[in-house]
Amino acid sequence: MDCLFCKILAGEIPADIIYESDTAVAFRDINPQAPTHVLVIPRRHIATINDIEPGDTAIVGSLYLAAQEIAAAEGIAEDGYRAVMNCNEGAGQSVFHIHLHVLGGRPLLWPPG
Ligand code: 5GP
Ligand code: ZN
């Protein structure tokens, strides 16, 4: 399968991996938009939020537990951070393997652009 994030999971493309569990892996975004910008992905290939199935709920939940742990390790848990997932091109999704962006370390505006 021609998926960039599956290739990172397979070790075929290098990444700065900072977290691993049975179901999730996290690495630093190659083009960070904040002092902390980490992508949390499931080991299972799921293309978009629209493709999440009822049996994936534990996997998807584990992405948030990863985000929680990463935020604490990065020292941004108390000040605040954003954990956001884009769905399809209209929302800015460019890699079609779901990923939670964990952003923090600077003030974050709302609503996003
Ligand atoms: P999306 O636009 O799909 O929500 O987010 C994709 C993210 O993946 C972008 O923030 C982009 O910078 C990041 N990205 C794209 N290619 C690579 C890569 O090869 N390595 C890493 N670490 N991040 C990548
Ligand atoms: Zn994939």
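Residues numbered from 1 in each chain as written. Chains lettered and ligands numbered in written order. Predicted model: local features only at pLDDT ≥ 70, side-chain atom pairs only at ≥ 80, totals over all residues. Heavy atoms only, no water.

A.B. asks: Can you lay out the pattern of salt bridges for me, pointing to particular residues and giving the numbers?
C.D. replies: Enumeration according to the criterion identifies six salt bridges in this entry. Close ionic contact of Asp16 with Arg28 constitutes a salt bridge, the shortest N to O distance being 3.5 Å. Remark: Arg28 occurs in strand 2 (residues 24-28) and Asp16 occurs in the loop between helix 1 (4-9) and strand 1 (17-20); sequence separation between them is 12 residues. Overlapping salt bridges bring together Asp16, Arg28 and Glu74 as one network. (Salt bridge = Lys/Arg side-chain N within 4 Å of Asp/Glu carboxyl O. Helix = DSSP H or I, 4+ residues; strand = E, 2+ residues; numbered from the N terminus.)

A.B. asks: Lay out the coordination of the zinc ion (ligand 2) with the relevant residues and their values.
C.D. replies: Of the protein atoms, only Cys3 (SG), Cys6 (SG), His45 (ND1) and His97 (ND1) coordinate the zinc ion (ligand 2), at distances of 2.0 to 2.3 Å. In this structure, the zinc ion (ligand 2) is coordinated by four donor atoms arranged in tetrahedral fashion, with angles at the metal of 104 to 117°. In primary-sequence terms, the residues that donate to the zinc ion (ligand 2) follow C-x2-C-x38-H-x51-H. One end of the pair, Cys6, is in helix 1; the other, His97, is in the loop between strand 4 (81-84) and strand 5 (100-104), and 91 residues separate them in sequence. With relative accessibility at 21%, the residue Cys6 sits in the partly exposed group. (Donors = N, O, S within 2.8 Å, 3.2 Å for Na, K, Ca; no water. Tetrahedral: all angles 85-135°; square planar, octahedral: opposite > 155°, others 65-115°. Buried < 20%, exposed > 50% of the residue type's maximum accessible area, 1.4 Å probe, protein only.)

A.B. asks: Account for the state of the cysteines, with residues named and values stated.
C.D. replies: What the rule picks out here adds up to zero disulfides. There is no disulfide at Cys87, and the cysteine sulfur nearest it, in Cys3, is 15 Å away. For Cys87, a relative accessible area of 22% puts it in the partly exposed group. (Disulfide = S-S within 2.5 Å.)

A.B. asks: Report on unusual backbone geometry, specifying residues and quantitative values.
C.D. replies: Residue Pro111 follows Trp110 across a cis peptide bond; omega there is 0°. Along the chain, the position of Pro111 falls in the segment after strand 5.

A.B. asks: Report on helix 2 (residues 57-74), specifying residues and quantitative values.
C.D. replies: Given a rise of 1.5 Å per residue, 18 residues ought to cover 26 Å, and the 26 Å separating the end C-alpha atoms of helix 2 matches this to within 8%. Within the span of helix 2, buried status applies to Ile59, Val60, Ser62, Leu63, Ala66, Ala67, Ile70 and Ala71. In this fold, the buried residues of helix 2 make contact with strand 1, strand 2, strand 3 (36-42), strand 4 and strand 5. Once helix 2 ends, the next one or two residues include Gly75, with phi positive near 75°. (Expected span 1.5 Å × (residues − 1). Contact = heavy atoms within 4.5 Å.)

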